[in-house]
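Here are the chains, one letter per residue:
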Amino acid sequence: MTQDDAGTAVLRAWGAAAPDAVLLDGFHALKHALRFGARVGPAVTSDKAAALALAAELADDLTDVLRELLVEVPAQALRELVPRVHPTGVAALAARRDRQANLDAMAQLPRTSPVVVLDNPRNLGNVGAVIRLAAGFGATGVVTTGDLDPWHPNAVRSGAGLHYATAVERLPLEELPPGPLYVLDPEGEDIRSLAVPDDALIAFGSERHGISPELRARATRLVALPMRPQVSSYNLATSVAMTLFHWGGPAPA
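This section reports on the structure supplied with the text. (Residues numbered from 1 in each chain as written. Predicted model: local features only at pLDDT ≥ 70, side-chain atom pairs only at ≥ 80, totals over all residues. Heavy atoms only, no water.)

## Here we look at the layout of surface pockets
When its volume is computed, the largest pocket comes out at roughly 540 Å³. Around the largest pocket sit 19 residues that line it, and L184, P186, S232, S233 and S239 are the ones nearest its centre. Counting only elements with at least two residues in the lining of the largest pocket, the list comes to β8 (181-190), β10 (221-224) and α10 (236-248). It is β8 that provides the largest number of residues to the lining of the largest pocket, a total of 3 residues. (1 Å grid on protein atoms, 1.4 Å probe; cavity = no way out; pocket = protein on both sides within 12 Å on 5 of 7 lines; lining within 4 Å. Points joined across faces, edges and corners; volume = space filled by probe spheres on them. Helix = DSSP H or I, 4+ residues; strand = E, 2+ residues; numbered from the N terminus.)

Next comes the structure, spelled out in C-alpha coordinates:
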(Lines give C-alpha, C1' and ligand atoms only; values in the text may rest on other atoms or scores of the structure.)
Protein backbone atom coordinates (compact mmCIF):
# COMPACT_ATOMS: atom_id res chain seq x y z
CA MET A 1 0.00 0.00 0.00
CA THR A 2 1.38 3.43 -0.93
CA GLN A 3 1.57 6.30 1.58
CA ASP A 4 -1.34 8.02 -0.19
CA ASP A 5 -3.43 4.84 0.00
CA ALA A 6 -2.62 4.45 3.70
CA GLY A 7 -3.60 8.05 4.34
CA THR A 8 -6.90 7.63 2.52
CA ALA A 9 -7.68 4.43 4.43
CA VAL A 10 -6.93 5.94 7.84
CA LEU A 11 -9.05 9.01 7.11
CA ARG A 12 -11.93 6.75 6.14
CA ALA A 13 -11.45 4.74 9.34
CA TRP A 14 -11.35 7.96 11.35
CA GLY A 15 -14.69 9.08 9.97
CA ALA A 16 -16.28 5.75 10.86
CA ALA A 17 -14.85 5.60 14.40
CA ALA A 18 -15.08 9.25 15.47
CA PRO A 19 -18.70 9.42 16.72
CA ASP A 20 -18.12 6.86 19.50
CA ALA A 21 -14.42 7.39 20.20
CA VAL A 22 -12.32 9.52 22.53
CA LEU A 23 -10.16 12.12 20.78
CA LEU A 24 -6.51 11.98 21.82
CA ASP A 25 -5.33 15.41 20.80
CA GLY A 26 -1.55 15.62 20.74
CA PHE A 27 1.48 13.41 21.25
CA HIS A 28 1.32 13.41 25.05
CA ALA A 29 -2.32 12.34 25.17
CA LEU A 30 -1.56 9.48 22.79
CA LYS A 31 1.57 8.53 24.76
CA HIS A 32 -0.26 8.26 28.07
CA ALA A 33 -3.25 6.47 26.59
CA LEU A 34 -0.97 3.81 25.13
CA ARG A 35 1.01 3.42 28.34
CA PHE A 36 -2.16 2.80 30.33
CA GLY A 37 -3.74 0.28 28.04
CA ALA A 38 -6.10 2.24 25.79
CA ARG A 39 -7.32 0.57 22.60
CA VAL A 40 -6.06 3.15 20.10
CA GLY A 41 -6.70 3.53 16.40
CA PRO A 42 -6.63 5.19 14.01
CA ALA A 43 -3.73 7.57 14.72
CA VAL A 44 -2.47 10.29 12.38
CA THR A 45 0.23 12.90 12.16
CA SER A 46 1.18 15.62 9.72
CA ASP A 47 4.89 14.85 10.24
CA LYS A 48 5.71 11.26 11.16
CA ALA A 49 9.45 11.82 11.29
CA ALA A 50 9.00 14.63 13.82
CA ALA A 51 6.58 12.54 15.87
CA LEU A 52 9.00 9.62 16.01
CA ALA A 53 11.85 11.94 16.95
CA LEU A 54 9.69 13.22 19.82
CA ALA A 55 8.99 9.65 20.85
CA ALA A 56 12.69 8.83 20.85
CA GLU A 57 13.29 11.80 23.15
CA LEU A 58 10.31 11.51 25.51
CA ALA A 59 8.81 8.04 25.18
CA ASP A 60 11.32 5.62 23.76
CA ASP A 61 9.29 2.73 25.20
CA LEU A 62 6.65 3.55 22.58
CA THR A 63 8.78 4.38 19.55
CA ASP A 64 8.24 1.03 17.81
CA VAL A 65 4.52 1.06 18.61
CA LEU A 66 4.13 4.56 17.22
CA ARG A 67 6.12 3.72 14.11
CA GLU A 68 3.53 1.06 13.31
CA LEU A 69 0.49 2.99 14.50
CA LEU A 70 0.96 6.50 13.11
CA VAL A 71 -0.04 7.28 9.55
CA GLU A 72 1.12 10.51 7.94
CA VAL A 73 -1.60 12.65 6.38
CA PRO A 74 -1.47 16.13 4.82
CA ALA A 75 -1.60 19.01 7.29
CA GLN A 76 -4.87 20.21 5.76
CA ALA A 77 -6.45 16.79 6.33
CA LEU A 78 -5.40 16.87 9.98
CA ARG A 79 -6.94 20.33 10.39
CA GLU A 80 -10.21 18.94 9.10
CA LEU A 81 -10.19 16.09 11.64
CA VAL A 82 -9.59 18.05 14.86
CA PRO A 83 -10.97 21.42 15.93
CA ARG A 84 -7.57 22.76 17.04
CA VAL A 85 -4.44 20.98 15.87
CA HIS A 86 -2.00 20.29 18.69
CA PRO A 87 1.49 21.76 18.22
CA THR A 88 2.89 18.22 18.02
CA GLY A 89 0.77 17.53 14.92
CA VAL A 90 -0.51 14.23 16.32
CA ALA A 91 -4.07 13.01 16.89
CA ALA A 92 -5.70 9.65 17.49
CA LEU A 93 -8.95 8.02 18.44
CA ALA A 94 -9.38 5.52 21.26
CA ALA A 95 -12.10 3.48 22.90
CA ARG A 96 -13.34 4.94 26.17
CA ARG A 97 -12.47 3.02 29.34
CA ASP A 98 -15.14 0.53 30.32
CA ARG A 99 -17.70 2.30 32.51
CA GLN A 100 -18.59 -0.72 34.60
CA ALA A 101 -14.93 -1.47 35.28
CA ASN A 102 -14.47 2.13 36.44
CA LEU A 103 -17.51 1.94 38.71
CA ASP A 104 -16.36 -1.38 40.14
CA ALA A 105 -12.89 0.00 40.88
CA MET A 106 -14.33 2.97 42.76
CA ALA A 107 -16.93 0.89 44.63
CA GLN A 108 -14.41 -1.62 45.93
CA LEU A 109 -13.65 -1.44 49.65
CA PRO A 110 -11.18 -1.19 51.19
CA ARG A 111 -9.54 1.18 48.71
CA THR A 112 -5.88 2.04 48.84
CA SER A 113 -6.37 5.60 47.58
CA PRO A 114 -9.15 8.21 47.58
CA VAL A 115 -11.71 9.10 44.94
CA VAL A 116 -11.81 12.79 43.98
CA VAL A 117 -15.30 14.25 43.56
CA LEU A 118 -15.80 17.44 41.56
CA ASP A 119 -19.21 18.87 42.38
CA ASN A 120 -20.71 20.42 39.24
CA PRO A 121 -17.45 21.72 37.70
CA ARG A 122 -17.83 24.36 35.00
CA ASN A 123 -14.44 24.42 33.27
CA LEU A 124 -13.28 21.45 31.17
CA GLY A 125 -9.66 22.53 31.40
CA ASN A 126 -9.86 22.35 35.19
CA VAL A 127 -11.47 18.92 35.00
CA GLY A 128 -8.62 17.66 32.84
CA ALA A 129 -6.01 19.19 35.12
CA VAL A 130 -7.58 17.46 38.14
CA ILE A 131 -7.63 14.10 36.34
CA ARG A 132 -3.96 14.56 35.50
CA LEU A 133 -3.22 15.22 39.18
CA ALA A 134 -5.31 12.28 40.34
CA ALA A 135 -3.48 9.97 37.94
CA GLY A 136 -0.12 11.26 39.12
CA PHE A 137 -0.97 10.74 42.79
CA GLY A 138 -2.45 7.30 42.12
CA ALA A 139 -5.99 8.21 43.17
CA THR A 140 -8.57 5.50 42.55
CA GLY A 141 -10.68 7.77 40.38
CA VAL A 142 -12.35 11.08 39.65
CA VAL A 143 -16.12 11.54 39.74
CA THR A 144 -17.88 14.62 38.40
CA THR A 145 -21.46 15.61 39.09
CA GLY A 146 -23.49 17.96 36.92
CA ASP A 147 -23.77 18.24 33.17
CA LEU A 148 -20.15 18.45 31.95
CA ASP A 149 -18.76 15.27 30.39
CA PRO A 150 -15.33 14.59 31.96
CA TRP A 151 -14.40 12.71 28.76
CA HIS A 152 -15.01 15.75 26.56
CA PRO A 153 -12.08 16.31 24.13
CA ASN A 154 -11.08 19.51 25.94
CA ALA A 155 -10.82 17.67 29.24
CA VAL A 156 -8.87 14.80 27.67
CA ARG A 157 -6.50 17.30 26.06
CA SER A 158 -5.97 19.14 29.35
CA GLY A 159 -5.51 15.83 31.13
CA ALA A 160 -2.86 14.72 28.61
CA GLY A 161 -4.61 11.40 28.04
CA LEU A 162 -4.34 10.36 31.69
CA HIS A 163 -8.03 9.50 31.81
CA TYR A 164 -6.74 6.00 31.03
CA ALA A 165 -4.62 5.94 34.19
CA THR A 166 -7.52 6.31 36.65
CA ALA A 167 -11.28 5.74 36.76
CA VAL A 168 -13.18 8.77 35.43
CA GLU A 169 -16.97 8.91 35.44
CA ARG A 170 -19.89 11.32 35.79
CA LEU A 171 -22.43 10.32 38.45
CA PRO A 172 -25.42 11.82 40.28
CA LEU A 173 -24.89 12.58 43.96
CA GLU A 174 -27.00 9.63 45.08
CA GLU A 175 -24.71 7.22 43.19
CA LEU A 176 -21.36 8.32 44.60
CA PRO A 177 -19.01 5.48 45.54
CA PRO A 178 -18.97 4.32 49.17
CA GLY A 179 -16.61 5.77 51.72
CA PRO A 180 -16.35 8.65 54.17
CA LEU A 181 -17.03 11.97 52.46
CA TYR A 182 -14.45 14.68 53.16
CA VAL A 183 -15.76 17.96 51.76
CA LEU A 184 -13.50 20.96 51.22
CA ASP A 185 -15.17 23.97 52.80
CA PRO A 186 -13.82 27.23 54.28
CA GLU A 187 -15.66 26.50 57.53
CA GLY A 188 -14.12 23.07 57.94
CA GLU A 189 -11.32 21.76 60.14
CA ASP A 190 -7.78 22.68 59.12
CA ILE A 191 -6.61 19.81 56.96
CA ARG A 192 -3.21 19.91 58.66
CA SER A 193 -4.84 18.67 61.87
CA LEU A 194 -6.27 15.46 60.48
CA ALA A 195 -5.47 12.46 58.33
CA VAL A 196 -7.47 11.75 55.17
CA PRO A 197 -8.23 8.01 55.01
CA ASP A 198 -7.33 5.98 51.95
CA ASP A 199 -10.95 5.08 51.24
CA ALA A 200 -12.23 8.67 51.45
CA LEU A 201 -14.20 10.56 48.87
CA ILE A 202 -12.64 14.03 48.71
CA ALA A 203 -15.11 16.55 47.33
CA PHE A 204 -14.41 19.97 45.81
CA GLY A 205 -16.96 22.59 44.83
CA SER A 206 -17.45 24.27 41.48
CA GLU A 207 -15.33 27.23 40.44
CA ARG A 208 -18.30 29.59 40.66
CA HIS A 209 -20.49 28.43 43.52
CA GLY A 210 -18.48 26.06 45.70
CA ILE A 211 -20.00 22.95 47.24
CA SER A 212 -23.70 22.42 46.72
CA PRO A 213 -25.91 22.32 49.84
CA GLU A 214 -26.90 18.76 48.95
CA LEU A 215 -23.32 17.50 48.97
CA ARG A 216 -22.38 19.56 52.03
CA ALA A 217 -25.24 17.97 53.95
CA ARG A 218 -23.84 14.50 53.20
CA ALA A 219 -20.33 15.32 54.45
CA THR A 220 -18.64 13.07 56.97
CA ARG A 221 -16.25 15.93 57.71
CA LEU A 222 -15.77 19.45 56.43
CA VAL A 223 -12.11 20.20 55.72
CA ALA A 224 -10.41 23.53 55.04
CA LEU A 225 -7.11 24.32 53.34
CA PRO A 226 -4.86 26.91 55.01
CA MET A 227 -5.31 30.28 53.39
CA ARG A 228 -4.12 33.80 54.11
CA PRO A 229 -6.85 36.26 55.16
CA GLN A 230 -8.31 38.34 52.32
CA VAL A 231 -7.54 35.62 49.74
CA SER A 232 -10.87 34.30 48.51
CA SER A 233 -9.96 30.91 47.06
CA TYR A 234 -7.45 28.68 45.29
CA ASN A 235 -7.70 27.39 41.76
CA LEU A 236 -9.54 24.06 41.68
CA ALA A 237 -6.54 22.03 40.52
CA THR A 238 -4.35 23.70 43.15
CA SER A 239 -6.83 22.73 45.87
CA VAL A 240 -6.88 19.13 44.67
CA ALA A 241 -3.08 19.01 44.51
CA MET A 242 -2.72 20.37 48.06
CA THR A 243 -5.25 17.89 49.40
CA LEU A 244 -3.81 14.85 47.66
CA PHE A 245 -0.31 15.86 48.73
CA HIS A 246 -1.54 16.02 52.33
CA TRP A 247 -3.25 12.62 51.97
CA GLY A 248 -0.05 11.03 50.65
CA GLY A 249 2.22 12.59 53.26
CA PRO A 250 2.98 11.54 56.86
CA ALA A 251 0.11 11.44 59.33
CA PRO A 252 -0.34 14.54 61.51
CA ALA A 253 1.52 14.40 64.82
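## A short note on α10
In this model, α10 (13 residues) spans 18 Å end to end at C-alpha, consistent with the 18 Å of a helix rising 1.5 Å per residue. Buried residues of α10: L236, A237, S239, V240, T243, L244, H246 and W247, and no others. Structurally, α10 contributes buried residues whose contacts are with β5 (115-118), α7 (124-137), β8 and β9 (201-204). The residue sitting at the N-terminus of α10 and contributing the capping side-chain oxygen is N235; that oxygen lies 2.8 Å from the backbone nitrogen of A237. (Expected span 1.5 Å × (residues − 1). Buried < 20%, exposed > 50% of the residue type's maximum accessible area, 1.4 Å probe, protein only. Contact = heavy atoms within 4.5 Å. Polar contact = N/O pair within 3.5 Å; in protein donor to acceptor, adjacent residues only side chain to side chain.)

## Focus: the sheet that holds β9
Across the sheet, 6 strands lie side by side as β7-β6-β5-β9-β8-β10; this open sheet has parallel pairing. With partners counted over all chains shown, the strands left at the sheet margins are β7 (167-170) and β10, one partner each. Neighbour-to-neighbour, the strand axes of the sheet open up by a mean angle of 35°, direction not taken into account. Strand direction decides the pairing type here: β8 and β9, joined by 3 bridges, are parallel. Residue pairing in the sheet places Y182 in a bridge with I202 of β9. (Pairing = 2+ DSSP bridges. Axes fitted to C-alpha atoms, helices over the stretch in contact; angles between N-to-C directions.)

## Some details on the environment of P19
With respect to the element layout, P19 can be found in the loop between α1 (3-17) and β1 (22-25). For P19 and L93, which are 74 residues apart along the polypeptide, the C-alpha to C-alpha distance reads 10.0 Å.

## Looking at the nonpolar core
Judged by nonpolar contacts, the single largest core of 50 residues is most densely connected at L24, L30, V40, L66 and L118. Each residue touching V40, except ones within four places of it in the same chain, is listed here: L24, L30, A33, L34, L69, A92, L93 and A94. A167, L171, L181 and I211 belong to the second-largest nonpolar core, a separate cluster that totals 14 residues. (Core = buried A, V, L, I, M, F, W, Y, C linked by side-chain atoms within 4.5 Å.)

## Observations concerning the packing of helix α2 (residues 27-35) against helix α3 (residues 48-58)
Viewed as axis vectors pointing N to C, α2 and α3 meet at an angle of 60°, and their least axial separation amounts to 11 Å. Classed by the angle they form, the pair α2 and α3 counts as oblique. As for the relative orientation of α2 and α3, their crossing is right-handed in sense. Mapping the contact onto sequence places F27, H28, K31 and R35 in α2 and A51, L54, A55 and L58 in α3. Grouping the constituent residues of the contact of α2 with α3 by class yields 5 nonpolar, 1 polar and 2 charged. (Parallel < 35°, antiparallel > 145°, perpendicular 65-115°, else oblique. Left-handed = near helix turned anticlockwise from the far one by under 90°. Nonpolar A, V, L, I, M, F, W, Y, C, P; charged D, E, K, R; others polar.)

## Description of the packing of aromatic side chains
The tally for this structure, following the rule as stated, stands at 1 aromatic pair. Ring plane angle 80° and centroid distance 5.3 Å describe the contact between W151 and Y164, whose orientation is recorded as edge-to-face. Taken as a pair, W151 in the loop between β6 (141-144) and α8 (153-158) and Y164 in the loop between α8 and β7 lie far apart in primary sequence, 13 residues in all. The burial state of W151 is the same as that of Y164; both residues are buried. (Phe/Tyr/Trp six-rings, centres within 6.5 Å; stacked < 30°, edge-to-face > 60°.)

## A few points about the sheet that holds strand β3 (residues 70-72)
What the 4 strands build is an open sheet, ordered β1-β4-β2-β3; its pairing is mixed. Only two strands of the sheet have a single neighbouring strand rather than two, namely β1 and β3. Neighbouring strand axes in the sheet, compared pairwise and without regard to direction, differ in orientation by 25° on average. Bridge count for strand β2 (residues 40-45) against strand β4 (residues 90-94) is 4 bridges, and the pairing is antiparallel. Considered in β4, the bridge of A43 is made with A92. Sheet strands touched by α2: β1, β2, β3 and β4. Its angle to β1, the strand with the most contacts, is close to 120°. With respect to the sheet, α3 is in contact with β2, β3 and β4, its orientation differing from that of β3 by roughly 150°.

## Structural notes on the environment of T238
Examined against the element boundaries, T238 turns out to sit in helix α10. For T238, a relative accessible area of 35% translates into the label partly exposed. Along the sequence, T238 and L133 sit 105 residues apart, while their C-alpha atoms lie 9.4 Å from each other.

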